[in-house]
Amino acid sequence: MIQAIRGTKDILPDTISHWYYVEETARKVSELFGYKEIRTPIFEKTEVFSRGVGEQTDIVNKEMYTFTDRGGDSITLRPEMTAALVRAVIQNSVVQQQVISRLWYFGPFFRYERPQKGRLRQFHQFGAECISSPYPESDAEIIHLAATFCKSLGIDDYQLIINTLGNENSRSEYRRILVDYLSANKSQLSAESKNRLEANPLRVLDSKDEQDREIISNAPNILDCLDEESHQHFQQVLGILDYLNIPYKINSRLVRGLDYYSHTVFELQHNSLGAQDSFGGGGRYNSLFSQLGGKDTPAVGFAMGVERLLLILESINKIPVPSILADYYIVFANSDYSNIAFKIAEKLRMRGKKTICDVQRRSMKAQMREAGKLNIPFVIIIAEEELKQNSVVLKNMSDGSQQIIEIDEL
RNA sequence: GCGGUCUUAGCUCAGUCGGUAGAGCACCAGAUUGUGGCUCUGGGUGUCACGGGUUCAAAUCCCGUAGAUCGCCCCA
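Residues numbered from 1 in each chain as written. Chains lettered and ligands numbered in written order. Predicted model: local features only at pLDDT ≥ 70, side-chain atom pairs only at ≥ 80, totals over all residues. Heavy atoms only, no water.

Novice: I would appreciate a short explanation of the environment of Asn 375 in the present structure.
Specialist: Residue placement: Asn 375 occurs in the loop between α13 (364-373) and β14 (378-382). C-alpha of Asn 375 to C-alpha of Thr 148: the two residues are 227 residues apart in sequence and 34 Å apart in space. (Helix = DSSP H or I, 4+ residues; strand = E, 2+ residues; numbered from the N terminus.)

What follows is the structure, given as structure tokens:
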């Protein structure tokens, strides 16, 4: 048997309604905030991500699906949206200077990782980006949008973890202090963290190694290293969240894995997910545009993992029942009547009624059984006796009542 | 990339000491010469994940591979 690629999943007809539900909610909520959808190619030149996401990140280092195409170019299946979106925005001059651009997206992404529950090699994300504002109002708007989306889906028992990395000055100042501290304790750090100390010292704060954590717990705090601008920015974001009654938890060790963040970073966590408890995250990325060759443009955004959202919705029983498959099922006693059945079906469909006819030449009983099993509210029965009067039987399946009705009056 | 557990019917699973498979649900047909649900009767629909080895004989023991899952790592 040929199997699907490891870490990929078929979305089968019995769960497709779950996806429609999440997608429709994403579209609806995005539109409520004035966001417009953007769709970009599934693959990009590799440099979009190596320059955008950051050479030292694990995503770029070991998780990308990269190949050389027949023309000799290095191509990568997108592992995330933000860098690709920024590339598209720069290329198409979507953003005019100082004109706000509110964009959302929904689609597949690819990372070569060890698959696990809630972690696939092809997975889907819903996300939104607010481009052109350096102000904390746009950070708050993005978080508000994410929170509203969760609320619309009925997810309310999640945690919003928030932190700030500060502006360039604060960040490099903090990095210097942190490297000093960690270097002093270098001998006790795990091998992993020693490497990170060179490549990306902030990430050491993420370590789950027990001894690392002890060292980290005494490490200098970024919140103490913020300059006035960075501090103000963060406080104003929190102020709006407070006013909106959006609960959050500050965690000064939250740094997130992508290189392009500055100022606000946040993560959404739900405890039903096990080891992969994060189902969404985002932050501000003021330097990404220039890194990808565009004009300096401030922006902030988030992404959510759709598969993880679905796991949460299942665990809290918030997946709505799908609508009925059809309004009418046309049963015919004899395959000679199939042309009449098709004609009636056409008429009903033209009126927007979902209609099914048997195509297996099965007995009336089997057809009725199927209509019952599918929960179809009305059955039209075509049979000899009524047909003499140019009529059919209309049966109400919920109470079993039936009436004879002329075909022309259907 | 590392470690643990697992893989038998469409689904959930049983299968003893090694003797080429079974239950419930689902599905199909009939009881019902023109009608679903309830009931009864009948039907097993299978590459025992895949490939090799041991054996007279393997779902069962051994090795390898693939996939799933849990943890590490990473992230959505």
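Past the structure itself, the notes keep going.
Novice: What is the right way to read the pattern of salt bridges from this model?
Specialist: Side chains bearing opposite charge may pair, as long as their charged atoms lie close to each other. The full count for this structure, using the stated rule, is eleven salt bridges. Arg 87 is the salt-bridge partner of Glu 44, the closest N and O atoms lying 2.5 Å from each other. With Glu 44 in strand β2 (residues 43-45) and Arg 87 in helix α4 (residues 82-91), the pair connects residues that are 43 residues apart, well separated along the chain. (Salt bridge = Lys/Arg side-chain N within 4 Å of Asp/Glu carboxyl O.)

Novice: Would you take a moment to explain the protein's contact with RNA strand B for this structure?
Specialist: Taken together, 48 residues sit near RNA strand B, with Arg 196, Arg 256, Arg 369, Glu 385 and Met 397 positioned nearest. Contributing elements (two or more residues each) for the surface near RNA strand B: β6 (122-131), β10 (278-284), β11 (299-305), α13, α14 (384-388) and β15 (391-396). A total of seven residues in the surface near RNA strand B trace back to one element, the largest contributor, which is α13. Taken together, the residues that form the surface near RNA strand B break down as 14 nonpolar, 14 polar and 20 charged. (Near = heavy atom within 4 Å. Nonpolar A, V, L, I, M, F, W, Y, C, P; charged D, E, K, R; others polar.)

Novice: Even after reading the chapter, I still don't get unusual backbone geometry, so can you show me in this structure?
Specialist: Most peptide bonds take the trans form, and the phi angle of most residues other than glycine is negative. If you check the backbone angles, Asn 317 has positive phi at about 60° while not being a glycine. Position of Asn 317 relative to the elements: it lies in the loop between α11 (306-315) and β12 (328-332). We classify Asn 317 as exposed; its relative accessible area is 70%. Phi at Asn 375 takes a positive value of approximately 65°, unusual for a residue other than glycine. A relative accessible area of 57% places Asn 375 in the exposed class. (Buried < 20%, exposed > 50% of the residue type's maximum accessible area, 1.4 Å probe, protein only.)

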